[in-house]
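Spelled out from the first residue to the last, the chains are:
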Amino acid sequence: QVQLVESGGGLVQPGGSLRLSCAASGSMFSINAMGWYRQAPGKERELVASITSGGRINYSDSVKGRFTISRDNVNNTMYLQMNSLKPEDTAVYYCTLDYYTSYARWTAWGQGTQVTVSS
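Predicted model, so just to flag it, every value in this text is computed and none were measured.

Let us look at the side chain of Thr101. By the secondary structure assignment, Thr101 is in the loop between β9 (91–100) and β10 (105–109). Classification of Thr101 as buried rests on a relative accessible area of 11%.

Right, let's get into the sheet that holds strand β8 (residues 77–82). In space, the four strands of this open sheet follow the order β1-β3-β8-β7, with antiparallel pairing throughout. In this open sheet, the two strands that pair with only one neighbour each are β1 (2–7) and β7 (67–72). When strand polarity is set aside, the average angle formed by the axes of neighbouring strands in this sheet is 15 degrees. Judged from the six bridges that link them, strand β3 (residues 18–26) and β8 form a sheet pairing that is antiparallel. The residue of β8 that forms the bridge with Ser21 is Tyr79.

Turning to the packing of aromatic side chains, a few remarks are in order. If you walk through the whole model with that rule in mind, you get two aromatic pairs. Aromatic side chains Tyr37 and Trp109 sit 5.1 Å apart centroid to centroid with 50 degrees between the ring planes, which places their arrangement in the tilted category. You can see Tyr37 sitting in strand β4 (residues 30–39) and its partner Trp109 sitting in strand β10, a full 72 residues away along the chain. On the basis of relative accessibility, which here comes to 21%, the residue Tyr37 falls in the partly exposed class. The exposure class of Trp109 is partly exposed, given its relative accessible area of 36%. With 6.2 Å between their ring centres and 90 degrees between their planes, Tyr103 and Trp106 make a pair best called edge-to-face. Across from the ring centre of Tyr79, 4.0 Å away, lies the NZ or CZ of Arg19, which sits over that ring. It is Arg45 that lies over the ring of Tyr37; its NZ or CZ is 5.0 Å from the centre.

Rules behind the numbers
Residues numbered from 1 in each chain as written. Predicted model: local features only at pLDDT ≥ 70, side-chain atom pairs only at ≥ 80, totals over all residues. Heavy atoms only, no water. Helix = DSSP H or I, 4+ residues; strand = E, 2+ residues; numbered from the N terminus. Buried < 20%, exposed > 50% of the residue type's maximum accessible area, 1.4 Å probe, protein only. Pairing = 2+ DSSP bridges. Axes fitted to C-alpha atoms, helices over the stretch in contact; angles between N-to-C directions. Phe/Tyr/Trp six-rings, centres within 6.5 Å; stacked < 30°, edge-to-face > 60°. Lys NZ or Arg CZ within 6 Å of the ring centre and 35° of its normal.

These values are about where atoms sit, not about what they do.
Given below as structure tokens:
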């Protein structure tokens, strides 16, 4: 029903910034939640930021104060602004959308984008 396409990953030096984008296409009835996950080699997948229905925003402790999640309703795009990046932020980042159609609940995932923080 919905497809997510990510962009904006790349190589950045420690202390730098990067902005990830996630463009949604397709039809949906309503949105339950949206967010960003990341997974580093040898580590569990981690939810780093989310927006729930009603606009409640949550961040993991590891990124709080440095990352900002937002959405552009006109263009159906969500963003993750990442500032003060650290080497431990290196991971593949995935956007996700939990939504409803007229008959079912669905979860869509982006293809993943690599973020590498290194000097």
